[in-house]
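Listed here are the chains, written in short residue letters.
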There are 2 protein chains.
Amino acid sequence: MILTVTLNTALDITYGVRSLRPHATHRVTEVTERPGGKGLNVARVLAALGHEVAVTGFVGGATGRTLQDQLLGTPGVADALVPVSGATRRTIAVADASTGDTTQLNEPGPTITPAEWAAFQEAYADLLRSASAVALCGSLPPGVPVGAYATLVRAARAASVPVLLDTSGEPLRRGVAARPDLVKPNADELAELTGSHEPLQAMKDARRRGAHAVVASLGADGLCALTADGEWRAPAPGRLRGNPTGAGDSAVAGLLSGHVDHLPWPQRLARAVALSAATVVAPVAGEFDRGTYEDLVARVTVAEQVGAA
Amino acid sequence: MILTVTLNTALDITYGVRSLRPHATHRVTEVTERPGGKGLNVARVLAALGHEVAVTGFVGGATGRTLQDQLLGTPGVADALVPVSGATRRTIAVADASTGDTTQLNEPGPTITPAEWAAFQEAYADLLRSASAVALCGSLPPGVPVGAYATLVRAARAASVPVLLDTSGEPLRRGVAARPDLVKPNADELAELTGSHEPLQAMKDARRRGAHAVVASLGADGLCALTADGEWRAPAPGRLRGNPTGAGDSAVAGLLSGHVDHLPWPQRLARAVALSAATVVAPVAGEFDRGTYEDLVARVTVAEQVGAA
């Protein structure tokens, strides 16, 4: 199976309101809820593509029980979350029908104890034994050491399991130094890691810092990959109208899916770009439109940049 | 015991944020949760005054389980809620530390089926047998007939249980016609019921429509009571700084408490005004400050208006 790690899981709640006005009382017209945190989003997309997936990370409290109940209803995703004494956080996205804007309220999440972090590392080591690849995704909850992803990257490499890291800031900097197989920063994360706003220079620097391969997600410019085998660019398929929430997670799912299916890099990137675009156009945030995906995956153009790597 | 009815129960969640800005992402700095809906607030205050209380209404889903777990931790309040297939609603109060303002987001609540409404009426009839008084509080969830409170008032009167009604709009209009012992409208609700913005005229009209007694809560002007025995005014004790959330529910608790303790009207009103003021000044919304209450209840002045009734 493919393993995804979400240390800072969340129950993602979306509220539809007519128009959000500070200091007013609002009747919520629509409520949707789903398990969230980047690794859970990646897992859902992988399962929809037909992969067997397990999710791990921390879960606790009443919100954690709701999240686990909802995971039970997600076919193909096995729950390997580790219980903690604190409560899983909620995030609330207030979608304003009058402007199309979303206002986000994120609870802080539980503080993880040293014993809980140790228990997680044991569970993770067990899960790696049957994993064909692992994705480490998102922010760290309070209490987890800032070098947590570096530790988890090293454990994956020791177990010979290919490892993808998708995080930001200091956890990314330390994680990269532990030599993950792939990192997938966006333009801001890449600039923060390397100090360079020129993507190709920054990707070369990220490889020097330890990443075996780098796939940068550049928004409307699509994906850019720098690997030991070469450099490729996969532009986004035209202007897309929709909600970009989860598009980056879908790209991670596409890369992992292509990896375990032993696809060459251009086809991995095509899968990632098509899934990302199909997520933007889907009516529900974070889901992908299968018709759009199947249409695009055959049509996306991936260009090799000669002599760049 | 005293019975309180909350057909539209809620889990009341408060989020502290530094400053609420539409379209931005906010880190929630503080999260508090408690069982909500007017009748549950009334019950909590009654229990704190030493009364035995039972709460009924509808409860369901994961939020309903959380609400019931939290009720278990409220001493003196017995859970007699009736399970439904829909999910109990959440309300979110976003408290903006920069302005002191609160922005409210209220979920719609579950739709009640005819079978669930019938099951509730049976449970209510059973509970009335051991009730010394009953309070019917708040709005109606979708699916419950608009004449619901009229039905519940008539059942209480048939069981010889004194009944207080605290609601608004058409449910209040129909409920008043069923001749409750007491209604507690605020100035807006009273004006909507009667068409009159002059409180004394409006209270006389509410009595003509069927209410045996009327206690109007007039905000900073305190309480005004019109009963078969006379008219009284109990002004609020000076200007109060704080959060008025729950002050009306505390007044209902004071009136019920005074009723079952067989206090004369002036002392009932003193209890209600003092509890209401002690709720405004308490740091946590909806709770009352016991020291303030005990200080004020002996000092509140209640004036009889001669010749008015």
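Please refer to the structure higher up on the page.
Residues numbered from 1 in each chain as written. Chains lettered and ligands numbered in written order. Predicted model: local features only at pLDDT ≥ 70, side-chain atom pairs only at ≥ 80, totals over all residues. Heavy atoms only, no water.

A. Examining the interface of chain B and chain A more closely. Chain B puts 29 residues into the contact, and the matching count from chain A is 29 residues. Buried area between chain B and chain A, both sides added, is near 2,400 Å², and the carbon and sulfur share of it is 55%. When the buried area of chain B at its contact with chain A is split by residue, B:H23, B:R90 and B:L105 rank highest and sum to 23% of it. Joining chain B to chain A, the criterion identifies four salt bridges. We note a salt bridge from A:E33 to B:R90, for which the minimum N-O separation is 2.5 Å. Taken together, the links from chain B to chain A amount to 16 residue pairs in polar contact (both at pLDDT 80 or more). Those elements giving two or more residues to the side of chain B that touches chain A turn out to be β2 (10-17), β3 (25-27), β4 (30-36), α2 (61-72), β8 (89-96) and β9 (102-106) of chain B. (Contact = heavy atoms within 4.5 Å. Buried area = accessible area lost by both parts, 1.4 Å probe. Salt bridge = Lys/Arg side-chain N within 4 Å of Asp/Glu carboxyl O. Polar contact = N/O pair within 3.5 Å; in protein donor to acceptor, adjacent residues only side chain to side chain. Helix = DSSP H or I, 4+ residues; strand = E, 2+ residues; numbered from the N terminus.)

B. Examining the relation of the copies chain B and chain A more closely. At an RMSD of 0.0 Å, chain B and chain A line up after a rotation of 179° and a shift of 0.0 Å along the axis. These values place the two chain copies in the arrangement generated by a two-fold rotation axis. Take the interface residues of chain B: 100% of them recur as interface residues in chain A, which is what a same-surface contact looks like. (Least-squares fit on C-alpha atoms with pLDDT ≥ 70 in both.)

C. Molecular detail of the packing of helix α9 (residues 265-280) of chain A against helix α10 (residues 290-297) of chain A. All names here are of chain A. The N-to-C vectors of α9 and α10 enclose an angle of 145°; their axes lie 8 Å apart at closest approach. Here α9 and α10 pass one another in a crossing that is right-handed. Where α9 abuts α10, its residues A270, R271, A274, L275, A277 and A278 lie against T292, Y293, L296 and V297. Class assignment for the residues of the contact of α9 with α10 results in eight nonpolar, one polar and one charged. (Axes fitted to C-alpha atoms, helices over the stretch in contact; angles between N-to-C directions. Left-handed = near helix turned anticlockwise from the far one by under 90°. Nonpolar A, V, L, I, M, F, W, Y, C, P; charged D, E, K, R; others polar.)

D. Examining the packing of aromatic side chains more closely. Residues and elements named next belong to chain A. Summed over the entire model, instances satisfying the criterion amount to eight aromatic pairs over all chains. Where F120 meets Y124, the ring centres are 5.9 Å apart and the plane angle is 20°; that geometry is what we call stacked. Of the two residues, F120 and Y124 both sit in helix α3 (residues 114-128), four residues apart, roughly one turn of that helix. There is no split in this pair, since F120 and Y124 are both buried. Between F288 and Y293, the ring centres sit 5.9 Å apart and the planes meet at 80°, which makes this aromatic pair edge-to-face. Looking at F288, the relative accessible area reads 14%, which means it is buried. Among the aromatic residues, ring-to-ring pairing joins F58, W117, F120 and Y124 into one connected group. When the ring centre of W265 is taken as origin, the NZ or CZ atom of R268, which lies over that ring, is 4.6 Å away. (Phe/Tyr/Trp six-rings, centres within 6.5 Å; stacked < 30°, edge-to-face > 60°. Buried < 20%, exposed > 50% of the residue type's maximum accessible area, 1.4 Å probe, protein only. Lys NZ or Arg CZ within 6 Å of the ring centre and 35° of its normal.)

E. Representation of the packing of helix α8 (residues 247-260) of chain B against helix α9 (residues 265-281) of chain B. Residue and element names in this part refer to chain B. Their axes nearest at 7 Å, the elements α8 and α9 cross at an angle of 150°. As the angle between them shows, α8 and α9 are arranged roughly antiparallel. The handedness of the crossing between α8 and α9 comes out as right-handed. Contacts from A247, G248, S250, A251, A253, G254, L255, S257, G258 and H259 in α8 reach W265, R268, L269, R271, A272, L275, S276, T279 and V280 in α9. Its residues assigned to classes, the contact of α8 with α9 comprises nine nonpolar, eight polar and two charged. (Parallel < 35°, antiparallel > 145°, perpendicular 65-115°, else oblique.)

F. Highlighting the sheet that holds β3(B). An order of β4(A)-β2(A)-β8(A)-β9(A)-β3(B) is seen for the five strands of this open sheet, with the pairing classed as mixed. Two strands close off the open sheet at either side, each with one partner strand: β4 (30-36) of chain A together with β3 of chain B. Strand-to-strand twist of the sheet, defined as the mean angle between neighbouring strand axes without regard to direction, takes the value 15°. As defined by bridge partners, strand β9 (residues 102-106) of chain A adjoins β3(B) across three bridges and the pair is classed as parallel. Residue pairing for β3(B): A:L105 is matched across the bridge by B:H26. Across the face of the sheet, helix α2 (residues 61-72) of chain A comes into contact with β2 (10-17), β4 and β8 (89-96) of chain A while running at roughly 85° to β4(A). (Pairing = 2+ DSSP bridges.)

Function-wise, these values are silent; they only describe arrangement.
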